[in-house]
Amino acid sequence: MTREEALESIKVNVENQNLVKHMLATEAIMRALARRLGEDEEVWGLTGLLHDIDVELTEGDMKAHSKLGADLARELGAGETIAHAILSHNEAHGIPLTTKLDKALFCADPLTGLITAAALVHPDKKLAGLEAESVIRRFKEKGFAAGANREQISQCSEIGFELDDFLQLGLEAMQEIAASLGL
Ligand SMILES: [Fe+2]
């Protein structure tokens, strides 16, 4: 599966552009993580890009979410490594995070929301001027972007990251694709 094929399938299955941006942001973070960890950047990027492809199709049914996504990824030609990461990122299935890829997707997923929210309260509402320190400060503010699960983000330790380093990597990754994110 090429990235273009994955994007084509996203176009067919996802209408909400904020959801598309969330998947693009997750892809960017996953690519940056793969580069840092010496993993396969294409595989990690596709996992991030496709992980929520079924969100609209499953209409809030958490028992179906990510099962259908894993199937769609398989149909596109993704291997079991990608399918398992997509499947296990939804805790509702109780599937343990086993591979490094599973663990990376799990902690990268909520990070996009925290960084997006931090950019939107920035005076120019852009990622460009946002500093890692301010993302770190926002992380510690419990009421800020409460949907961005801090415990889940903190699990970056499972792939060998210090929290501050992880937040900075996520910010820089999203800054690289700021134009596509409209930030
Ligand atoms: Fe997600």
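Coordinates for the structure precede this section.
Within the protein chain, the regular secondary structure consists of twelve helices and zero strands. From first element to last, N terminus to C terminus, the protein chain shows the α and β order α-α-α-α-α-α-α-α-α-α-α-α. Here the C-alpha radius of gyration of the protein chain, 15 Å, is about what a compact globule of 183 residues would show, namely 16 Å. For the protein chain, the spread of C-alpha atoms along the principal axes amounts to about 40 × 30 × 30 Å. With 183 residues in all, the protein chain has 49% of them scored as buried. Within the protein chain, residue pairs in contact and separated by at least 24 positions form 63% of the contacts whose partners lie at least 6 positions apart. Taken as a whole, the protein chain presents about 8700 Å² of accessible surface, with 50% of it coming from carbon and sulfur. Between the centroid of the 18 positive side chains of the protein chain and the centroid of its 31 negative side chains there is a distance of 5 Å.

Looking now at the nonpolar core. With 60 residues, the main nonpolar core has Leu33, Leu114 and Leu127 as its most contacted residues. In terms of residue count, helix α2 (residues 17-37) provides more of this core than any other element does, eleven residues in total. Sequence-distant contacts of leucine 127, that is, excluding residues within four places in its chain, are made with Ile115, Ala119, Leu171, Met174, Gln175, Ala178, Leu181 and Leu183.

This part covers the side chain of glutamate 27. You can see glutamate 27 is positioned in helix α2. Aside from chain neighbours lying at most four places away, what touches glutamate 27 is Arg3, Gly45, Gly48 and Leu49.

Protein ligation of the iron ion involves His22 (NE2), His51 (NE2), Asp52 (OD) and Asp109 (OD), the donor distances falling in the range 2.1 to 2.2 Å. The coordination sphere of the iron ion comprises four donor atoms, whose angles at the metal cover 83 to 172 degrees; the geometry is irregular. The sequence pattern formed by the donor residues of the iron ion is H-x28-H-D-x56-D. Placement of the pair is aspartate 52 in the loop between α3 (41-50) and α4 (55-58) and aspartate 109 in the loop between α7 (100-108) and α8 (111-120), with a sequence separation of 57 residues.

Another point: the environment of proline 96. If you trace the backbone, proline 96 turns up in the loop between α6 (80-88) and α7. Taking the relative accessible area as the measure of exposure, proline 96 reaches 54% and is therefore exposed. Along the chain, proline 96 and alanine 85 lie eleven residues apart, while their C-alpha atoms are 9.9 Å from each other. In contact with proline 96, not counting residues within four places along its chain, are His84, Ser88 and Asp102.

Moving on, we get to the pattern of salt bridges. The final tally for this structure, using the stated rule, is eleven salt bridges. Across the salt bridge formed by glutamate 41 and arginine 35, the nearest N and O atoms sit 3.1 Å from each other. Salt bridges here are not isolated pairs; linked through shared partners, they connect Arg3, Glu27, Arg31, Arg35, Glu41, Glu42 and Glu176.

About the cut-offs
- Residues numbered from 1 in each chain as written.
- Predicted model: local features only at pLDDT ≥ 70, side-chain atom pairs only at ≥ 80, totals over all residues.
- Heavy atoms only, no water.
- Helix = DSSP H or I, 4+ residues; strand = E, 2+ residues; numbered from the N terminus.
- Rg over C-alpha atoms; globule rule 2.2 N^0.38 Å.
- Buried < 20%, exposed > 50% of the residue type's maximum accessible area, 1.4 Å probe, protein only.
- Contact = heavy atoms within 4.5 Å.
- Areas by Shrake-Rupley, 256 points an atom, 1.4 Å probe, with all protein chains shown as cover.
- Lys, Arg positive; Asp, Glu negative; His and termini not counted.
- Charge placed at Lys NZ, Arg CZ, Asp CG, Glu CD.
- Core = buried A, V, L, I, M, F, W, Y, C linked by side-chain atoms within 4.5 Å.
- Donors = N, O, S within 2.8 Å, 3.2 Å for Na, K, Ca; no water.
- Tetrahedral: all angles 85-135°; square planar, octahedral: opposite > 155°, others 65-115°.
- Salt bridge = Lys/Arg side-chain N within 4 Å of Asp/Glu carboxyl O.

From the geometry alone we can't say anything about function, so treat these as descriptive.
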